Amino acid sequence: MKAIHLKIQALQSGDSGFLAVKLTPFPLLCPPLQEDTDHDYYTSKTYSPTDAMSRDLWVNIDHMDKEKVKIHGILSNTHRQAARVNLSFDFPFYGHFLREITVATGGFIYTGDVVHRMLTATQYIAPLMANFDPSVSRNSTVIYFDNGTALVVQWDHVHLQDNYNLGSFTFQATLHNTGRIVFAYKEIPVEVSQISSVNHPVKVGLSDAFVVVHKIQQIPNVRRRTIYEYHRVELTKTRITNSTAVEITPLPTCLQFISCSSCVSSQINFNCSWCHRLNRCSSGFDRHRQDWVDNSCPDETKDKMCDVPDTTVLYPVTTAAKTTPRSREVTAGRDLPSTSHPPTSLPTEDDTKIALHLRDNQGSAVDRMPGTHPLHIGLILGILLVTLIIAAGVLVTVYVYHHPTSAASLFLIERRPSRWPAMKFRRGSGHPAYAEVEPVGQEKEGFIESEQC
C-alpha cells in the first residue's frame, strides 16, 4: 500500500479570522531500511526484500561443497539441545577470538566458554531466538557449513513447538573471519513480535558478558560463577520478514591495540587504558575483566602514562586471548579491588548465577548523631537526616537500575549478601522460564549439550 502524505496549505479567508486548510496528497518516500545503526561495538544495516543485497547475503547451501555441508543429526531431531562446533578460523566476537561455538536448536549460537543452564541469557548470536523444535517435523534440519573463512548455520524449515500451525521458519547466520555477522531470512511466516516468549525467550541480536569466579569460604572446593552482561545489541524485530537480511559490522575495540602508546592515544568509542602488568589494552569491560581487576589495572591506568618503572610483565597478550573452552577458566573482574581469590583445588560443584540487570535495592547505614541539642532541634535534624537518606537511596536505586554495568552497580552486585534474592540455577531449582539448559544426561526441560558429530 502506497504511503500518502497530506500537504497542508493555509489560505487566507477574508476578514473572518479563519484559515482555510487545503490538503494535497502526494507520495511519501519511506526511509530506507539500510541505514546504519551504531551499537558501540557494532554497526547494523538492515536490507529490505526489494534490496539486491538481501538476496546476495543469503548463502545457498545447496550450491556449496557437499562434503563440507553437515546436517547435525542430533539437533535436527530434538528440542532444546545444543552442540559444540569447532571453527577452522579465528572468529573475533566483541574483540575476543573464538575457535569454538555452540549451536542450539532455538535459533541462536552460544559463544561462551562456560556451558550453563542459561544459554539464552547472554553471550549469544541470535538471528531469531525462539522455541523452535526440529523434532516435530521430518523436514526440519539444522545445517552448518565451514569454508575456512566463514561459518554458515541454517535453521531449515523449523517450527515453533508451542504454535506449529504458524508454519515453518528458514533463516541463517553467517560468521566471517573478519568479525562481520550476517543474519539472512528466507521464510518468516509471521511477525517476529507476535511470537510467544512464554516458554522461551524471543531475541534478535548479539550479547556478551564476563564471568567472575568467587571462592565460597564456607564450602571448600566449591566456586561460584557470576555472569555479568556488559553489552547487548537488540535489532528491531518488526523489520525481520521474508527475504530480509541484516549485516552487522564490528567496530574497533581497545583489545586490538598492542602497544601502550597506540592504546592511550586511541580515539574510538571507548576509553582505552594500558595495563603494564598484563601488557594489555582494555576499557575494563571485556571477558578478561577479572584479570584486569586482580592485577590492579584500574589503579595503574589512572595516570595514563606509558613509562612505568619496575613493572614486571606477567605474560604477553596481543589483541585478545583466544578462547579455547575446556582448556582454561573464563575470568573477569570488577572496578574495585577483588575480595575473592582463586581456589587452590578443582571444584566439585559449580554454583552458577547470572546478573544481567541489577534490580536489588541497596540500603544505607548512617551513624546517629549524639543528642547534644534541645529536643525540637534534634527532632528536626532527625527528620531531615531520614529524608536525605531516603532521597539518596532512591537516587542510587534509579541510577543503578538504569546503569547495570557501572562501577557502582558492579560494586553492589558483587557484595550482595547471600540472603538477597538472586537467580540461581541449580538442579531442581526449576524456574520454568529460565531452566532451559540441563547438564549432560538430563533429558527433560532444558538444553542438553551433545557431542559434536
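Looking at an unreviewed UniProt entry, the chain carries the name Plexin domain containing 2b, with the source organism given as Takifugu rubripes. Its UniProt record gives the chain a comment under Subcellular location (unreviewed entry), which states: "Membrane". Within the UniProt record for the chain, the comment given under Sequence similarities (unreviewed entry) is "Belongs to the plexin family."

1. Brief notes about the overall build of the chain
Across its full length, the chain holds six helices and 22 strands. Counting across all 453 residues of the chain, residues that qualify as buried make up 45%. Here the analysis covers contacts within the chain between residues at least 6 apart in sequence; of these, 65% occur between residues at least 24 apart. Accessible surface, the chain as shown: approximately 23,700 Å² in total, 55% of it carbon and sulfur.

2. As for the pattern of salt bridges
Overall, the coordinates contain six salt bridges when judged by the stated rule. Across the salt bridge formed by Asp 90 and Arg 99, the nearest N and O atoms sit 3.2 Å from each other. The exposure class assigned to Asp 90 is partly exposed, which follows from its relative accessible area of 22%. Ionic pairing is found between Arg 180 and Glu 247, a salt bridge with its closest N-O pair at 2.7 Å. Here Arg 180 is found in the loop between strand 12 (169-176) and strand 13 (181-187), whereas its partner Glu 247 is found in strand 16 (residues 244-250), with 67 residues between them in sequence. When salt bridges that share partners are traced, they join Glu 229, Arg 232 and Glu 234 into one network.

3. Description of the side chain of Asn 131
With respect to the secondary-structure elements, Asn 131 resides in the loop between strand 9 (124-129) and strand 10 (141-146). Here the side chain of Asn 131 touches His 79 through a polar contact of 2.8 Å, side chain to side chain. When sequence neighbours within four positions are dropped, the list of residues in contact with Asn 131 reads His 79, Arg 80, His 159, Leu 160, Gln 161, Asp 162, Asn 199 and His 200.

4. Overview of the packing of aromatic side chains
Evaluation of the coordinates by the stated rule reveals 14 aromatic pairs. Ring centres of Trp 155 and Phe 171 lie 5.3 Å apart, and the angle between their planes is 20°; on these two criteria the pair is classed as stacked. With a gap of 16 residues between them, Trp 155 in strand 11 (residues 150-158) and Phe 171 in strand 12 connect regions that are remote in the sequence. Residue Trp 155 is classed as buried on the basis of its relative accessible area of 0%. Feature note: the residues Tyr 41, Tyr 42, Phe 91, Phe 93, Tyr 94, Phe 210, Tyr 228, Tyr 230, Phe 270 and Phe 285 constitute an aromatic cluster, connected by ring pairs. Cation over ring: Arg 289 sits above Phe 285, and NZ or CZ is 4.7 Å from the ring centre.

5. Some remarks on unusual backbone geometry
Phi is positive for Arg 80, close to 55°, though the residue is something other than glycine. Phi at His 157 takes a positive value of approximately 55°, unusual for a residue other than glycine. Inspection of the secondary structure puts His 157 in strand 11. Under the relative-accessibility criterion, His 157 is labelled partly exposed at 33%.

6. Some points on empty space enclosed by the protein
To locate leftover empty space, one rolls a probe as large as a water molecule over the atoms. All told, the structure shown has four cavities of 30 Å³ or more when counted by the stated rule. Roughly 70 Å³ of volume is contained in the largest cavity. Looking at the largest cavity, the residues that line it are Tyr 41, Tyr 94, Tyr 230, Thr 253, Cys 254, Leu 255, Phe 270, Ser 283, Phe 285 and Asp 286. For the lining of the largest cavity, the per-class residue count stands at seven nonpolar, two polar and one charged. Shared between two domains, the lining of the largest cavity takes at least three residues from each, and those domains are domain 1 (38-251) and domain 2 (255-299).

7. Details of the sheet that holds strand 11
One open sheet accounts for eight strands, arranged 3-4-16-13-12-11-10-5; its pairing is antiparallel. Edge positions in the sheet fall to strand 3 (36-38) and strand 5 (69-71), since each has one partner strand and no second. Each neighbouring strand pair of the sheet contributes to a mean axis angle of 15°, computed without reference to strand direction. Here six bridges tie strand 10 to strand 11, and the two strands are oriented antiparallel to one another. Each bridged residue has a counterpart across the sheet, and for Ile 143 the counterpart in strand 11 is Gln 154.

8. Some words on the nonpolar core
Grouped together as the largest cluster of nonpolar side chains are 56 residues, with contacts concentrated most on Leu 128, Phe 169, Phe 183 and Leu 206. Counting residues per element, this core draws most heavily on strand 6 (residues 81-93), which supplies six residues. Mapping this core onto the domain boundaries places at least three of its residues in each of domain 1 (38-251) and domain 2 (255-299). Those residues in contact with Leu 206 that lie beyond four places of it in its chain are Tyr 42, Phe 93, Tyr 94, Tyr 124, Ile 125, Ile 181, Phe 183, Arg 232, Val 233 and Ile 248. Of all hydrophobic cores here, the second largest spans eight residues; its members include Ala 104, Tyr 110, Ala 126 and Met 129.

9. Points about a nonpolar patch on the surface
Taken together, Ile 377, Leu 381, Leu 384 and Leu 388 make up a surface patch of nonpolar side chains, about 330 Å² in accessible area. For Ile 377, a relative accessible area of 32% puts it in the partly exposed group.

10. What to know about the state of the cysteines
Applying the stated rule across the entire model yields four disulfides. Disulfide pairing is shown between Cys 263 and Cys 281; the S-S distance is 2.1 Å. Negative torsions about the S-S bond denote left-handed disulfides, and the value of about 75° found for Cys 263 with Cys 281 makes this one right-handed. A residue pair is termed long-range when its members are at least 10 positions apart, and Cys 263 in helix 2 (residues 260-264) and Cys 281 in strand 18 (residues 280-282) qualify at 18 residues.

11. Quick notes on the pairing of strand 13
Of all seven residues that make up strand 13, five are buried, and the element is covered over most of its length. With six bridges connecting them, strand 12 and strand 13 associate as antiparallel partners. The residue of strand 13 that forms the bridge with Thr 174 is Val 182. Here strand 12 folds back onto strand 13, and the loop between the two strands holds four residues, one of which, Gly 179, carries a positive phi near 95°. For strand 13 and strand 16, the ladder comprises five bridges, and the chain directions are antiparallel. Paired with Tyr 185 across the bridge in strand 16 is Thr 244.

Thresholds, definitions, all that
Residues numbered from 1 in each chain as written. Predicted model: local features only at pLDDT ≥ 70, side-chain atom pairs only at ≥ 80, totals over all residues. Heavy atoms only, no water. UniProt positions renumbered as here; feature names shortened; annotations may be inferred. Helix = DSSP H or I, 4+ residues; strand = E, 2+ residues; numbered from the N terminus. Buried < 20%, exposed > 50% of the residue type's maximum accessible area, 1.4 Å probe, protein only. Contact = heavy atoms within 4.5 Å. Areas by Shrake-Rupley, 256 points an atom, 1.4 Å probe, with all protein chains shown as cover. Salt bridge = Lys/Arg side-chain N within 4 Å of Asp/Glu carboxyl O. Polar contact = N/O pair within 3.5 Å; in protein donor to acceptor, adjacent residues only side chain to side chain. Phe/Tyr/Trp six-rings, centres within 6.5 Å; stacked < 30°, edge-to-face > 60°. Lys NZ or Arg CZ within 6 Å of the ring centre and 35° of its normal. 1 Å grid on protein atoms, 1.4 Å probe; cavity = no way out; pocket = protein on both sides within 12 Å on 5 of 7 lines; lining within 4 Å. Points joined across faces, edges and corners; volume = space filled by probe spheres on them. Nonpolar A, V, L, I, M, F, W, Y, C, P; charged D, E, K, R; others polar. Domains from an automatic or database assignment. Pairing = 2+ DSSP bridges. Axes fitted to C-alpha atoms, helices over the stretch in contact; angles between N-to-C directions. Core = buried A, V, L, I, M, F, W, Y, C linked by side-chain atoms within 4.5 Å. Patch = residues over 30% accessible without salt bridge, like charges linked within 9 Å, V, L, I, M, F, W, Y side chains within 5 Å. Disulfide = S-S within 2.5 Å.

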